[in-house]
Amino acid sequence: MLLRHTTTEIKERKALTVNPAKTCQPIGAMYASLGIHGCLPHSHGSQGCYAYHRSALTRHYKEPVLAATSAFTEGASVFGGQANLLQAIDNMFTVYNPDVIAVHTTCLSETIGDDIPQIVNKARAEGKVPEGKYVIHTNTPSYVGSHVDGFANMTRSMVDYFSESTGHKEKTINLIPGYVEPCDMEEIRRIAGELGIRTIMFPDTSKVLNGPMTGKYRMYPEGGVTTDALKKTGDSMGTVAMGALASGPAARALDAKCKVPCEIIDLPIGLHATDMLIDTLRQVAGVNVPESLTFERGQMVDIISDMHQYFYGKRVGLVGDPDQVLALTKFLVSLDMCPAYIITGTPAGKKYEKALREVTKDVPGEVKIKVPGDMLLFHQWIKQEPVDLLIGNTYVKYIARDEDIPFIRHGFPILDRVGHSYFPTVGYRGGMRLLEKILDALLDRKDRDSTDIEFELVM
Ligand code: SF4
């Protein structure tokens, strides 16, 4: 009973978050930066922040996460971090030779008000940025937003710094995959490949944060979108951006900067959202859907119809990032499950909350939604009336344990399991995996709780 002090009495709180369902902006910015080939993320702030950002990513992906810091001390905190960043840029290019340095700010440097573009221009003027190398930046004040905003900001910066339009359109589609796992990015690219579409995906953390153990350390792994490819995004015939919160800003920036029309859709989690991805790609690229994808779809439909009785009417509590939560809610509703409690820690706005309410309007019983909300409130709702299943990041396991509720780990961060960075949950194949996970959780519980008479060999 680790959370034994959680009460059922709910009080309106405006100035206090307890057990937040989010983390800080630089973590998302760092994750996005790692999706550029040869990129060294740089945290402009103190070593404490940077150590936390790196360890959060390392613990989730079980991979060493490369980053640098301006290592603010008291002096920099008072007089600004220009000298530290200038020195850091010089050191990084001299010692570690990255293609790109991606600078993000922390709460401290934001509060001081360091002007990063001015500092980078000074570094360039002083010859600290070698020919053919880049320093990009984004602002990530963590007292607003969350890691999702940090990801969105850095992804948009890739457009701001790199995308160019030559006036000659290529038959390429830009894919902005959203804040998903490296394996999800791989799966989205595979689906586009099945459709015969040439794509540029950014960011792309596949093969960076889910690479193989080869016995050799590579400072800059094979994966990631190259700077050349990023430049070409401005000549693509269209952009398909997945997840309005994480990918929308970059897609709109690219449209505004290079006149590349964009479609912003849900993360392709579940049957209908995957249909939407494939249909959007089909229309934007003018291609036909191959039999291979229709086959995968049929397999997923088969599992849903075979096992529908176990999904039907089950009450679910969901915690996570807004794009993930919206797509998962739609998926659960399509399975006739009942998302009863929904929380996202990211301040995703009224429009987002309205979309969630619209999706759940026909769900039987009261659906409680809080955007942004915290896990204390979520736990209190559960104490008042339990659910059959919990879906969320590792922090939800305390509630799952205290309340004895089946739990599926999904989202960010997952600190105590592996698999999330290798086995996708997007697309039809990912949907099948999610269905399996939901069924395993529900049926394991049924097995555990059945009396000897009810205990079934074939369920
Ligand atoms: S001080 Fe700000 S940037 Fe640093 S770890 Fe905390 S929330 Fe993140």
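Residues numbered from 1 in each chain as written. Predicted model: local features only at pLDDT ≥ 70, side-chain atom pairs only at ≥ 80, totals over all residues. Heavy atoms only, no water.

The protein carries the name Nitrogenase molybdenum-iron protein subunit beta in an unreviewed UniProt entry, which gives Desulfonema ishimotonii as its organism. The heading Sequence similarities (unreviewed entry) in the UniProt record of the protein holds the text "Belongs to the NifD/NifK/NifE/NifN family." (UniProt positions renumbered as here; feature names shortened; annotations may be inferred.)

Peer 1: Can you lay out the overall build of the protein for me, pointing to particular residues and giving the numbers?
Peer 2: Tallying secondary structure elements over the protein gives 17 helices and 13 strands in all. Here the C-alpha atoms of the protein give a radius of gyration of 23 Å, agreeing with the 23 Å that 2.2 N^0.38 yields for 459 residues. By its C-alpha atoms, the protein is 80 × 55 × 45 Å across when sized along the principal axes. The contacts of the protein with a sequence gap of at least 6 include a subset with a gap of at least 24, amounting to 75%. (Helix = DSSP H or I, 4+ residues; strand = E, 2+ residues; numbered from the N terminus. Rg over C-alpha atoms; globule rule 2.2 N^0.38 Å. Contact = heavy atoms within 4.5 Å.)

Peer 1: Talk me through the sheet that holds strand β11 (residues 368–370); I want residue IDs and the actual numbers.
Peer 2: Strand order in this open sheet of five strands is β11-β10-β9-β12-β13, and the pairing throughout is parallel. Taken across any chain shown, the strands that pair with only one partner, and hence form the sheet edges, are β11 and β13 (407–409). For this sheet the average axis-to-axis angle between neighbouring strands, irrespective of direction, equals 20°. The pairing of strand β12 (residues 389–392) with β13 spans three bridges and is parallel. Residue I391 lies in a different strand from β13, and its bridge partner there is I408. (Pairing = 2+ DSSP bridges. Axes fitted to C-alpha atoms, helices over the stretch in contact; angles between N-to-C directions.)

Peer 1: Quick one: what's the story with the pairing of strand β9 (residues 315–319), residue by residue and with numbers?
Peer 2: Within β9, five of the five residues are buried, which leaves it mostly tucked inside the rest of the structure. What you see with β9 is no split at all: R315, G317 and V319 on one side and V316 and L318 on the other are buried throughout. Pairing of β9 with strand β10 (residues 338–343), which is carried by five bridges, proceeds in the parallel orientation. In the strand pairing of β10, L318 is matched with I342. Handedness of the crossover joining β9 and β10 through helix α13 (residues 322–334) is recorded here as right-handed. In this sheet, β12 lies alongside β9 in parallel orientation, the contact comprising three bridges. Residue G317 lies in a different strand from β12, and its bridge partner there is L390. (Buried < 20%, exposed > 50% of the residue type's maximum accessible area, 1.4 Å probe, protein only. Right-handed = clockwise from strand over helix to strand, strands pointing away.)

Peer 1: Account for the domain arrangement of the protein, with residues named and values stated.
Peer 2: Taken domain by domain, the protein consists of domain 1 (25–144), domain 2 (170–292) and domain 3 (306–449). Taken residue by residue, the interface counts eight residues in domain 1 and 11 residues in domain 3. Taken together, both faces of the contact between domain 1 and domain 3 bury some 680 Å²; the carbon and sulfur share is 61%. Across the domain 1-domain 3 interface, the total number found is zero salt bridges. At the junction of domain 1 and domain 3, the tally comes to three residue pairs in polar contact (both at pLDDT 80 or more). The biggest single contributor to the side of domain 1 that touches domain 3 is helix α2 (residues 47–61), with five residues. (Domains from an automatic or database assignment. Buried area = accessible area lost by both parts, 1.4 Å probe. Salt bridge = Lys/Arg side-chain N within 4 Å of Asp/Glu carboxyl O. Polar contact = N/O pair within 3.5 Å; in protein donor to acceptor, adjacent residues only side chain to side chain.)

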